[in-house]
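# Working through the structure, step by step
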Amino acid sequence: MASKQEYGIPYTPLPSSQPSQTVIVLAPYRRHRRSSFLRSLRCCLLYTAAILLLSAAVYFLYPSDPDINVSRIQLNHLRVLDSLKPALDLSFSLTLKVRNRDFFSLHYDSLVVSIGYRGRELGLVKSRGGHLRARDSSYINATLELDGLEVVHDVIYLIGDLAKGVIPFDTIAQVKGDIGVLLFQIPIQGKVSCEVFVNVNNQKISHQDCHRKVTVWL
């Protein structure tokens, strides 16, 4: 049998077998990714805490109107004068509690108490102003008297209320002043309204209903 050299075909011997090698390429581990995430998380927490603290400061330090409550209301006398035009002799005594809810001192110019009948004002009394410290309260007495006041517009209603034995009156107490915040003077106002039902026979208050009025400053 002829060899491969006889036909002119080159022959190269196979290389000797060698042990195989496996190469594993590892990606570089970047430690700064975790630290960057932690820094971002800390910044978010700090911003959130700052916003919460600012909101709480605004809530507690923003000026608010004073609280006014009627602690006592008393009818001194009521008399209806019989004439061609009905007239009233009327006297009320009130004790009001004014409370400063703010963390700043309050200076009020005056306290005004008015009385009305069927939505019409009959008269008012004005007292002097005062000063309240932060988070402090004060009691103010006021007496409202009407002598011989003619009731012209609501004569028919007055006659009907006299027949029932009960006359409804409206009283409104109002405080105006300002609060000093740093270098600014911010106006404030407090108001309370009461509906008072007076028994004509026994000269006493049979029922009263008071509620605060909220003032919105624009």
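Residues numbered from 1 in each chain as written. Predicted model: local features only at pLDDT ≥ 70, side-chain atom pairs only at ≥ 80, totals over all residues. Heavy atoms only, no water.

## Side note on the confidence of the model for the protein
In the predicted model, the protein carries a mean pLDDT of 79, and 79% of its residues have values of at least 70. Predicted confidence is poor over residues 1-5, with pLDDT under 50, and the contacts of this stretch with residues over four places away or in other chains come to three contacts. (pLDDT = per-residue confidence, 0-100. Contact = heavy atoms within 4.5 Å.)

## Overview of the packing of aromatic side chains
Applying the stated criterion to the full structure yields two aromatic pairs. Between the aromatic rings of F92 and F169, the centroid separation amounts to 6.1 Å while the plane-to-plane angle is 75°, which identifies the pairing as edge-to-face. Here F92 is found in strand β2 (residues 87-99), whereas its partner F169 is found in strand β6 (residues 166-181), with 77 residues between them in sequence. With relative accessibility at 1%, the residue F92 sits in the buried group. Where Y117 meets F169, the ring centres are 6.0 Å apart and the plane angle is 50°; that geometry is what we call tilted. Taken as a pair, Y117 in strand β3 (residues 106-117) and F169 in strand β6 lie far apart in primary sequence, 52 residues in all. (Phe/Tyr/Trp six-rings, centres within 6.5 Å; stacked < 30°, edge-to-face > 60°. Helix = DSSP H or I, 4+ residues; strand = E, 2+ residues; numbered from the N terminus. Buried < 20%, exposed > 50% of the residue type's maximum accessible area, 1.4 Å probe, protein only.)

## Quick word on the sheet that holds strand β5 (residues 137-150)
In spatial order, the strands read β1-β2-β5; together these three strands make up an open sheet with antiparallel pairing. Strand pairing shows two members of the sheet lacking a second neighbour, β1 (67-81) and β5, which therefore form its edges. Pairs of neighbouring strands in the sheet enclose a mean axial angle of 10°, with direction left out of account. (Pairing = 2+ DSSP bridges. Axes fitted to C-alpha atoms, helices over the stretch in contact; angles between N-to-C directions.)

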